[in-house]
Amino acid sequence: DKVYTHVLGREKLFYKARYTGTSELEFFVEGLHFPDEGFNGLVTIKASLLETQIEGIPETPIFTDVVTFRITPLIITPSILEPIEVYVCSVKDNYLFLKEIKNLVSEAKYKIQICFEYVNRGDRWMQDEMEFGYIQAPHKSFPVVLDSPRDGELKDFPIRELLGPDFGYVTKVAASSEVTSLDSFGNLEVSPPVTVAGKKYPLGRILIGSSFPTSSGRRMTKVVRDFLYAQRVQSPIELFADWLLVGHVDEFMTFVPAPDQKGFRLLLASPATCFRILQEKKHEGHGDVIMLQGLETKRWTVTKVLSTDVIVQENSYVQHCIDWNRDILKRELGLTEEDIIDIPALFRLVNGQAVAFFPNMVNMIVLKKDLGIPKPYGPVIKVTCCLEDYVIEQMKPLDLRCTFIDDVVSYHKKLGEVHCGTNVRRKPFSFKWWQMEEP
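So, how was this worked out
Residues numbered from 1 in each chain as written. Predicted model: local features only at pLDDT ≥ 70, side-chain atom pairs only at ≥ 80, totals over all residues. Heavy atoms only, no water. UniProt positions renumbered as here; feature names shortened; annotations may be inferred. Pairing = 2+ DSSP bridges. Helix = DSSP H or I, 4+ residues; strand = E, 2+ residues; numbered from the N terminus. Expected span 1.5 Å × (residues − 1). Buried < 20%, exposed > 50% of the residue type's maximum accessible area, 1.4 Å probe, protein only. Axes fitted to C-alpha atoms, helices over the stretch in contact; angles between N-to-C directions. Contact = heavy atoms within 4.5 Å. Polar contact = N/O pair within 3.5 Å; in protein donor to acceptor, adjacent residues only side chain to side chain. Patch = residues over 30% accessible without salt bridge, like charges linked within 9 Å, V, L, I, M, F, W, Y side chains within 5 Å. Areas by Shrake-Rupley, 256 points an atom, 1.4 Å probe, with all protein chains shown as cover. Salt bridge = Lys/Arg side-chain N within 4 Å of Asp/Glu carboxyl O. Parallel < 35°, antiparallel > 145°, perpendicular 65-115°, else oblique. Nonpolar A, V, L, I, M, F, W, Y, C, P; charged D, E, K, R; others polar. Core = buried A, V, L, I, M, F, W, Y, C linked by side-chain atoms within 4.5 Å.

The name an unreviewed UniProt entry assigns to the protein chain is Protein-arginine deiminase, from the organism Eleutherodactylus coqui. Per UniProt, the protein chain carries the Sequence similarities (unreviewed entry) text "Belongs to the protein arginine deiminase family." Entered under Subcellular location (unreviewed entry) in the UniProt record, the comment concerning the protein chain runs "Cytoplasm".

Right, dumping it as structure tokens:
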């Protein structure tokens, strides 16, 4: 209820107050811009005490001091942090998907916010429109939504439904000619906290997909990349994602929590693992079992997938692309092979760029111990899908529960999966960013 007088800032770079010698003067400082290209986030204020002489004689300085404030950076939250609320769109063909997501979220005991068609106007890609983070000062913290420059039909959602007195909003506007699919935020992830060669990253590291160093492919637009680098506390890593048709890092990787000292595992999509499992099933006499039952017009048996040269060759190429990223992630996040779990996946190339052949399980929603995983429609042996069984087996030692969600019609056939169609706001890190060692 106090009335504040605006004394400094913008055009007002100088303010003079009378010194009475007894009462205190209180000043408050408000940050209006995040750190960004050309602004390191530091604001410096000089305070001087001047003695007045008789009229006509200039004042003389007795004492001077400098106060430097730092604007809080935007901190993005990784998938292993505790969820607060899940966001998902309701569109005309995703009723069953929505029902399964609602069941998963209510069983995991989290809140859900459904964005209806009058707001989303048919745009179902909740992950691509925005990224959640938070800002934090010693006296206060609140969530912030980073709005992507992709600006599909969901573009009003972050401002209309989220922005509020204690809910911040920031967007980076790029020239529309520069915006590509890589500017959607399925292409922006954050690792859990890591230590690399003795250097600590207590808030994790930002991961963004880019083009191969030697190609002139798609990259995330400069204004967004500059903004992410300028926050400084989550030192970004650029991965190679341009080999994918959609081009998002969430198509080949995710992080899940682990109950050990490491605290997490990196999951990577793996055609090699998928071929190995299918080969085993063929040797066990299940070569005639059908994959993608009822989804494809073609009849794909285990044997047919294994013996179709073009599938084998295309997935050999995809495995190379993923392995390139595996090496970067091991180096930049200080990981060993024990920290990585391969998840079976297959891809097809469309005009030289990869799309998922069957629903891509790595593109999942992580809700602490509950995983919502795209149902892969792999070979059903006896009564269960062998690909689902494999993933359940891998997640068991981590004490993670797997729920397989049918996203074929509503997401997979439109080149996305469960993660692309959902978004999660999470609790902040317990670590305070101002306690970081200087990068």
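S.K.: Provide a residue-level description of the sheet that holds strand β7 (residues 140–147), including the pertinent values.
M.R.: Sheet architecture is open: four strands sit in the order β3-β6-β7-β8, paired in mixed fashion. Edge positions in the sheet fall to β3 (75–76) and β8 (168–171), since each of these pairs with one other strand and no more. In this sheet, strand β6 (residues 130–137) lies alongside β3 in antiparallel orientation, the contact comprising two bridges. When the bridges of β6 are listed, isoleucine 75 appears paired with tyrosine 134.

S.K.: Just give me the short version of helix α8 (residues 309–333), but keep the residues and values in it.
M.R.: Given a rise of 1.5 Å per residue, 25 residues ought to cover 36 Å, and the 35 Å separating the end C-alpha atoms of α8 matches this to within 8%. Listing the buried residues of α8 in full gives Ile311, Glu314, Asn315, Val318, Gln319, Cys321, Ile322, Asn325, Arg326, Ile328, Leu329 and Leu333. Immediately beyond the C-terminal end of α8, within one or two residues, lies glycine 334, with a positive phi of roughly 65°.

S.K.: How would you sum up the sheet that holds strand β12 (residues 206–210)? Please name residues and give values.
M.R.: One open sheet holds the three strands; their spatial order is β9-β12-β13, and the pairing between them is mixed. Strand pairing shows two members of the sheet lacking a second neighbour, β9 (188–190) and β13 (237–240), which therefore form its edges. Neighbour-to-neighbour, the strand axes of this sheet turn through a mean angle of 35°, independent of strand direction. Where β12 and β13 come together, four bridges link them in parallel fashion. What sits directly across from serine 210, in β13, is phenylalanine 240. Sheet strands touched by helix α5 (residues 222–230): β9, β12 and β13. Its angle to β12, the strand with the most contacts, is close to 155°.

S.K.: Describe the side chain of aspartate 36, naming the residues involved and giving the relevant values.
M.R.: Secondary-structure assignment places aspartate 36 in the segment before β1 (42–51). Residue class for aspartate 36 comes out buried when judged on its relative accessible area of 18%. Here the side chain of aspartate 36 touches lysine 172 through a polar contact of 2.5 Å, side chain to side chain. Leave out the neighbours within four places in its chain, and aspartate 36 touches Lys172, Asp226, Phe227 and Ala230.

S.K.: Any details on a nonpolar patch on the surface? Residues and values, ideally.
M.R.: Together, Leu8, Tyr15, Leu25 and Phe27 make up an exposed nonpolar region whose accessible area comes to about 420 Å². Relative to the helices and strands, leucine 8 resides in the segment before β1.

S.K.: Quick one: what's the story with unusual backbone geometry, residue by residue and with numbers?
M.R.: Within the chain, arginine 121 stands out as a residue other than glycine whose phi angle is a positive 45°. Secondary-structure assignment places arginine 121 in the loop between α2 (117–120) and α3 (126–129). Located in the positive-phi region is leucine 415, a residue other than glycine, with phi close to 75°. Turning to its location among the elements, leucine 415 is positioned in the loop between β25 (401–405) and β26 (422–426).

S.K.: How would you explain α5 if you had to name every residue and give the values?
M.R.: Residues Val224, Arg225, Asp226, Phe227, Leu228 and Ala230 constitute the buried set of α5. Of the surrounding elements, those touching the buried residues of α5 are β3, β7, β8, β9, β12 and β13. Arginine 232, located one to two residues past α5, shows a positive phi value of around 70°.

S.K.: Any details on the packing of helix α6 (residues 271–286) against α8? Residues and values, ideally.
M.R.: Running from N to C, α6 and α8 cross one another at 135°; their axes reach a closest spacing of 8 Å. Between α6 and α8, the crossing angle belongs to the class labelled oblique. On α8, the residues that touch Pro271, Ala272 and Phe275 of α6 are Ile311, Val312, Asn315, Val318, Gln319 and Ile322. Class assignment of the residues belonging to the contact of α6 with α8 gives a composition of seven nonpolar, two polar and no charged.

S.K.: If you had to explain the nonpolar core to someone new, which residues and values would you point to?
M.R.: Residues Leu239, Trp243, Phe252, Met253, Val256, Val305 and Met395 are the most contacted members of the largest nonpolar core, which totals 68 residues. With seven residues, the single largest contributor to this core is α8. The contact partners of valine 256, leaving out residues within four places of it in the chain, are Ile80, Gly263, Phe264, Arg265, Leu267, Met364, Val366, Leu371, Met395, Leu398 and Leu400.

S.K.: Describe in detail the side chain of arginine 326, supporting the description with residues and values.
M.R.: Position of arginine 326 among the secondary structure elements: in helix α8. Side-chain polar atoms of arginine 326 contact the side chain of glutamate 337, separated by 2.9 Å. Beyond its immediate stretch of four places on either side in the chain, arginine 326 contacts Leu268, Glu337, Ile340 and Asp342.

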